[in-house]
Amino acid sequence: MDPTNKPKGNSPHYSLYQREVFKRGGTEGELPHFSVHPDELVESTKKKLSDRGYFYANSNAGLGWTDRANREAFYRWRIIPRMLVDTNVRDLSIELFGHRIPAPILFAPIGINKLYSPEGELIPAKIAGELGLPYCLSTASSNSIEDVAVANDAGAHDIAPANNYCKVRDGSEAKSPRFFQLYMGHDDDVTISLLERAWKGGFDVCMLTVDTWQLGWRPTDINLANYVFYYPPGTTGNEVGASDPVFMRKYGHELKRDSGKWIDSSVWHGKAHTWEKMPWLIKQWKRISGGRPFVIKGIQSAEDARKAYAIGCEGIVVTNHAGRQVDGAVGSLEVLPEIVDAVGDKMKIIFDSGVRTGSDVFKALALGAHAVQVGRLYIWGMAHEGEAGCRHVMKSLLADLDITMTVAGYASITRDVTRDALKYNESGSYPNGEHAKL
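For clarity, every value in this text was computed on a predicted model and none was experimentally measured.

1. Some details on empty space enclosed by the protein
Step number 1: The tally for this structure, following the rule as stated, stands at two cavities of 30 Å³ or more.
Step number 2: Within this model, the largest cavity holds a volume of roughly 400 Å³.
Step number 3: When residues of the lining of the largest cavity are traced back to their parent elements, those giving at least two are α3 (51–58), β13 (371–374) and α16 (376–408).
Step number 4: Looking at which element gives the most residues to the lining of the largest cavity, the answer is α16, with three residues.
Step number 5: By residue class, the composition of the lining of the largest cavity is 14 nonpolar, nine polar and six charged.

Below, the structure is given as structure tokens:
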């Protein structure tokens, strides 16, 4: 009953996780300790975290209209079920930046995970390794780059075939795909140091976030003065900077006096970069990594997607930072089709923002995304039960996607899940009230 086994096909039968839960309940009386229904999961998360922890993960920009737009966009697209299709063996596997992965889902980069569980990013990194799914590490991590790499390998030690390993410069091998999300400050020496550490640690794709030089206006965070870096002991969230030799050599004395020095100068520094800086950064990453892919995260228009392709990006992440940056903006799924039409045959497109269910993943893929990132879901899981909670939520999402494909009549992600699988409902409106919970 192990859903990571591969009895047939190119991906596990994730659907077996449902049967496993049923069997444990019926034969042992063991029930899940919390609900994975998104509405109920976010509500129960409130009871598990402090207000600061909860709102750091769940605050939205302004009135939350962009967050609602993300969910409304999913609501308007409807799956068209097909009958009498052989879906006994599903193929959820995809190729992404040279890695063959068993399902089209990535762990999105989310910072300061120690707000949700004491082990922080070590938990989702380990679970991603267990599942063979790419893990994206945030520059705002509350664990060092090196420690997260070790945790990711520990989870993946016995599941990744050798020909899928990602090679690193010193000749060692990362056992599961992992990417590094870069927040770029304005000290090029520090930027290069971060990229070198990431590459040496087996992070073989660089993902630059371009929508968050400055944190968006999030009233629920304002109400709590919710900026963990200024609160005692002043170390949480500084781990990547505090473990960086270049940053510490140049600014370590300032960090001792000002616990916000790392985050305020190298992460959310408030000083925007422009397209003109991108060729330099891409060149540095290519030099360090031997030519591995460079991705821009934060694209919401076809015009910007074309620019990203023109400057040499191999991929983009279509995201509005889960509605946390610009209030009243377009839903991420709304703009996905036009972005796919513009560059989908030229570069990899990863979708992000508003994903809650297997059906959501299906819809984003049908509209042309090559893969989907999820973030809040795994955070909510680890807030409940740490490693076990994170694992339960992610296995549940994979089972949901696998079962959706089974009962809807689509056997292959890459062959069958296309726009023909969806119908758009122009008059659809997301049910009142639910946006406030999600």
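2. Overview of the confidence of the model for the protein
Step number 1: Here the protein averages 92 in pLDDT, while 92% of its residues score no lower than 70.
Step number 2: Confidence drops under a pLDDT of 50 for residues 160–172, and excluding neighbours within four residues, the segment shows 24 contacts in the predicted structure.
Step number 3: Contacts of residues 433–438 to residues separated by more than four positions or lying in other chains number 15 contacts, the stretch itself having pLDDT below 50.

3. Some words on the pairing of strand β10 (residues 294–299)
Step number 1: Of all six residues making up β10, six are buried, and the element is well covered by its neighbours.
Step number 2: Inspection of the sheet shows strand β9 (residues 206–209) paired to β10 by four bridges, in the parallel sense. Paired with L208 across the bridge in β10 is I296.
Step number 3: Regarding topology, helix α13 (residues 302–310) serves as the crossover connection from β10 to the parallel strand β11 (residues 315–318), and that connection is right-handed.

4. A look at the environment of I288
Step number 1: Tracing the backbone shows I288 in helix α12 (residues 278–289).
Step number 2: Considered as a pair, I288 and I192 are 96 residues apart in the sequence and their alpha carbons are 8.6 Å apart.

The rules we used
- Residues numbered from 1 in each chain as written.
- Predicted model: local features only at pLDDT ≥ 70, side-chain atom pairs only at ≥ 80, totals over all residues.
- Heavy atoms only, no water.
- 1 Å grid on protein atoms, 1.4 Å probe; cavity = no way out; pocket = protein on both sides within 12 Å on 5 of 7 lines; lining within 4 Å.
- Points joined across faces, edges and corners; volume = space filled by probe spheres on them.
- Helix = DSSP H or I, 4+ residues; strand = E, 2+ residues; numbered from the N terminus.
- Nonpolar A, V, L, I, M, F, W, Y, C, P; charged D, E, K, R; others polar.
- pLDDT = per-residue confidence, 0-100.
- Contact = heavy atoms within 4.5 Å.
- Buried < 20%, exposed > 50% of the residue type's maximum accessible area, 1.4 Å probe, protein only.
- Pairing = 2+ DSSP bridges.
- Right-handed = clockwise from strand over helix to strand, strands pointing away.

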